[in-house]
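# Structural features, examined
Letter by letter, the chains look like this.
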Amino acid sequence: SLGVYWKVMGGTPDTQAVATGFGGADAAVAAVCMVFRGVDTTTPMDVTPTTATALNTMHPDPPSINHNNPSGVWTVIAGASGHTLGGAGTYTFPTGYTTDAIDRGQDDTSDATVGMGYRTNPADPEDPGVMTHSGTDSANFAWAAVTLALRPAVATAAGRAFADDDDEDDEE
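Residues numbered from 1 in each chain as written. Predicted model: local features only at pLDDT ≥ 70, side-chain atom pairs only at ≥ 80, totals over all residues. Heavy atoms only, no water.

### Description of the pairing of strand 4 (residues 102-106)
Two faces make up the sheet, and in a regular strand the side chains alternate between them. Which entries qualify depends on this criterion: Burial classes follow relative accessibility: with a 1.4 Å probe on protein chains only, a residue under 20% of its type's maximum area counts as buried, one over 50% as exposed, and anything between as partly exposed. For the purposes of this entry, the term helix denotes a DSSP run of H or I that reaches at least four residues, the term strand denotes a run of E that reaches at least two, and both are numbered from the N terminus. Two strands make a pair as long as DSSP finds a minimum of two bridges between them.
Of the two faces of strand 4, only one is covered, namely that formed by Asp103 and Gly105; the face formed by Ile102, Arg104 and Gln106 stays uncovered. Pairing geometry for strand 4 and strand 5 (residues 111-119), over 5 bridges, is antiparallel. By the bridge assignment, Gln106 is partnered in strand 5 with Ala112. Counted between consecutive antiparallel strands, the loop separating strand 4 from strand 5 contains 4 residues.

Below, the structure is given as structure tokens:
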């Protein structure tokens, strides 16, 4: 299972994130967290996130996303792999998603690896590519993935948004 959660913060942001595991007593739980500044706090998602899942492999393939192409949009990918490798494992992230990419794995009877990466200059549409897991693949494994497009905040001065789209000179 993969869960993706977000929270829009105000002037005093939280200092920690808490993840609670789901599943049975022998199921590993892994979590990662990223913080983004400069995102539109009213409509942080530029378009609806896209999701994908697959069986018989552990290499997440975050789906393509067709965002609205605002200047400054970021695309974020997250993926999770279920496996039984007896170790945590890591991801090799797709081109453009390697800066500050993060992955974590946990070992139990049923193991898990999760990861996130982002891109500041995505194409439109953006097709991120595969998050390649370090372990040996198996027909008994599975993955889930999501792609999000974060809308940039509107430039402001003294708390006022600028939106002057007419061709007339404004008088003060």
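### Observations regarding the sheet that holds strand 1 (residues 50-55)
Across a sheet, strands are paired by hydrogen bonds formed along the backbone, either parallel or antiparallel in direction. Stated formally: Geometry is summarised by axes, namely lines fitted to C-alpha atoms with helices restricted to the contacting stretch, and by angles between N-to-C directions that run from 0 to 180 degrees.
Read across the open sheet, the 5 strands follow the order 1-7-2-5-4; overall the sheet is antiparallel. What marks the edges here is a single partner per strand, and that holds for strand 1 and strand 4. Going across the sheet, the axis of each strand differs from the next one's by a mean of 10°, ignoring polarity. Taken together, the 9 bridges between strand 2 (residues 74-83) and strand 5 define a ladder with antiparallel strand orientation. Pairing of Thr75 across the sheet is with Arg119, part of strand 5.

### With respect to the packing of aromatic side chains
Short version of the rule: Think of it this way: a Phe, Tyr or Trp ring, Trp meaning its six-membered ring, pairs with another when their centres are within 6.5 Å, and the plane angle makes it stacked under 30 degrees, edge-to-face over 60, tilted otherwise.
Taken as a whole and judged by the stated rule, the model has 4 aromatic pairs. A ring pair is formed by Phe36 and Tyr118, whose centres lie 5.6 Å apart and whose planes are at 90°; its orientation type is edge-to-face. With Phe36 in the segment before strand 1 and Tyr118 in strand 5, this pair connects stretches of sequence that are 82 residues apart. Accessibility expressed as a relative area gives 22% for Phe36, which makes it partly exposed. Taking the relative accessible area as the measure of exposure, Tyr118 reaches 14% and is therefore buried.

### Digging into the pattern of salt bridges
Stated precisely, the cut-off is as follows: Salt bridges are counted wherever a side-chain nitrogen of Lys or Arg sits within 4 Å of a carboxyl oxygen of Asp or Glu.
Counting across every chain of the model gives 3 salt bridges. Notably, a salt bridge pairs Arg151 with Asp46, separated by 3.0 Å at the nearest N-O pair. With a gap of 105 residues between them, Arg151 in the loop between strand 7 (142-150) and strand 8 (156-157) and Asp46 in the segment before strand 1 connect regions that are remote in the sequence. Note on Arg151: relative accessible area 24%, which makes it partly exposed. The buried category is assigned to Asp46, whose relative accessible area is 6%. As a salt-bridge pair, Arg119 and Glu126 come within 3.6 Å of each other at their nearest N and O atoms. On the accessibility criterion, Glu126 (3% relative accessible area) is buried.

### Concerning the nonpolar core
Selection rule: Among buried residues, those of type Ala, Val, Leu, Ile, Met, Phe, Trp, Tyr and Cys that are joined through side-chain atoms within 4.5 Å constitute a nonpolar core. Contacts between residues were defined by any pair of non-hydrogen atoms, one from each residue, lying within 4.5 Å.
Of all hydrophobic cores here, the largest spans 10 residues; its members are Met34, Val39, Met45, Val76, Ala78, Met116, Tyr118, Val146, Leu148 and Leu150. Listing elements by their share of this core, those giving two or more residues are strand 2, strand 5 and strand 7. At 3 residues, strand 7 tops the list of elements feeding residues into this core. Excluding residues that lie within four positions of it along the chain, Ala78 makes contacts with Leu2, Val4, Gly115, Met116, Met131, Ala144, Ala145 and Val146. Membership of the second largest hydrophobic core comes to 5 residues, among which are Ile77, Tyr91, Phe93 and Tyr97.

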